[in-house]
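# Understanding the architecture of this molecule
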Amino acid sequence: MSQESFIYSFVARGIMILAEYTEFTGNFPAIAAQCLQRLPSTNNKFTYSCDHHTFNFLVEDGYAYCVVAKDSVGKQISIAFLERVKADFRKRYGGGKADTAIAKSLNKEFGPIMKEHMKYIIDHAEEIEKLLKVKAQVSEVKSIMLENIDKAIDRGENLTVLVDKTETLRSQAQDFKNKGTQMRRKLWYQNMKIKLVVFGILLLLILVIWLSICHGFDCTN
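The following paragraphs examine the structure supplied in this document. Please read all numbers here as calculations on a predicted model, not as lab measurements. All residue numbers here refer to positions counted from 1 along the written sequence of the relevant chain. Whole-chain, interface and lining totals are the exception, using all residues; otherwise, since this is a predicted model, local features are given only for residues with pLDDT of at least 70 and side-chain atom pairs are given and counted only at 80 or more. The side-chain quantities take in all heavy atoms of the structure and omit both hydrogens and water.

### Some thoughts on helix H2 (residues 75-93)
Relative to the 27 Å expected for 19 residues at 1.5 Å per residue, H2 spans 26 Å between its end C-alpha atoms, a close match to the ideal helical length. Among all positions of H2, only Ile 77, Ser 78, Ile 79, Ala 80, Phe 81, Leu 82, Val 85, Lys 86, Asp 88, Phe 89 and Tyr 93 are buried. Secondary structure elements are taken from DSSP: a helix is a run of H or I of four residues or more, a strand is a run of E of two residues or more, and numbering for both begins at the N terminus. To estimate the expected span of a helix, count its residues, drop one, and scale the result by 1.5 Å. Partly exposed residues are those whose accessible area sits between 20% and 50% of the maximum for their type, while under 20% is buried and over 50% is exposed, using a 1.4 Å probe and protein chains only.

As C-alpha cells, this is what we get:
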C-alpha cells in the first residue's frame, strides 16, 4: 500500500465533525459530509463508492468514524483502520469530553493521531490482511459448527445425546490408545524373547566348538 491509500478521515458526533485529518486537497471532505448527513443512525458499517474512491463509515453509539480511501484498498483494511481510530478515540475522550466538544475542536489533538493510525495500517497492511483472513476462517468454522448443532437438534437429538456421543467417542479413542500400548509391549517382549533364545543358541554352539577342539575346558595342553 502507498502513502496515498488513505485520503481523508474524520470522527463525528451525530452529524457534527469533531476531528478531521487530510494532507490532500479536493472535494473529499464535502462528499464525506454529505454522506454523513444521510447515514442511518443504527450501529453498522457502510461503504459508498465515488470517482475511484470509497467512503467508509463505522457508526456506533451515536458517533461516526469515516475514512476515504482509494478503491484499490480493500474494504476490510479500511474498516480495520476505523476500528483502531474508534478504540483510540474512546480511550482518550470516553470520559465525557467528546459529548460536549464543539465542531472540529479536537482537530489539533486527534488529527495527528489519525495520521499515525493511517501510517500504521499502511505499513502493516499485509499482516492485517492475513489476520483478517484467519478471523474470517475462524468465523466460518464457528458458523458451520453452530449450523451442524442446529441440524442435529432439528433431527431430534438434544444436547445430552450429543454430549453422550462425544463421551463415547472419547472413551473409544482411549480404549484404542490403551490397546495399542498393550500391543506394543507384547511385541517388545516377544522380540526380546527371540533375541534371548538366539543368544543362548549361539553360546551353546560356541561352547560345543570349544569342547570339541580343546577336548575339555582347558586348551593349554
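Resuming the write-up.
### Overview of the packing of aromatic side chains
Ring pairs are drawn from Phe, Tyr and Trp, using the six-membered ring of Trp, whenever the two centres fall within 6.5 Å, and their geometry is named by plane angle: stacked under 30 degrees, edge-to-face over 60, tilted for the rest. With the rule as written, the count across this model stands at nine aromatic pairs. Taking the centre distance of 6.2 Å and the plane angle of 75° together, the rings of Tyr 65 and Phe 89 count as edge-to-face. Of this pair, Tyr 65 sits in strand S5 (residues 63-70) while Phe 89 sits in helix H2; the two residues are 24 residues apart in sequence, bridging distant segments of the chain. Side by side, Tyr 65 and Phe 89 carry an identical accessibility label, which is buried. A ring pair is formed by Tyr 93 and Phe 110, whose centres lie 5.9 Å apart and whose planes are at 70°; its orientation type is edge-to-face. Of this pair, Tyr 93 sits in helix H2 while Phe 110 sits in helix H4 (residues 107-123), placing them 17 residues apart in sequence. With respect to class, Tyr 93 is no different from Phe 110; both count as buried.

### Describing the pairing of strand S4 (residues 53-60)
The buried fraction of S4 is high, at eight of eight residues. Every second residue of S4 is oriented toward a common face, with His 53, Phe 55, Phe 57 and Val 59 on one face and Thr 54, Asn 56, Leu 58 and Glu 60 on the other, all of them buried. Two strands qualify as a pair provided DSSP detects at least 2 bridges between them. Examined bridge by bridge, strand S3 (residues 44-50) and S4 share seven bridges and lie antiparallel to one another. Its bridge partner lying in S4, Thr 47 is registered against Asn 56. Connecting the antiparallel pair S3 and S4 is a turn made up of two residues, with Asp 51 showing a positive phi of about 55°.

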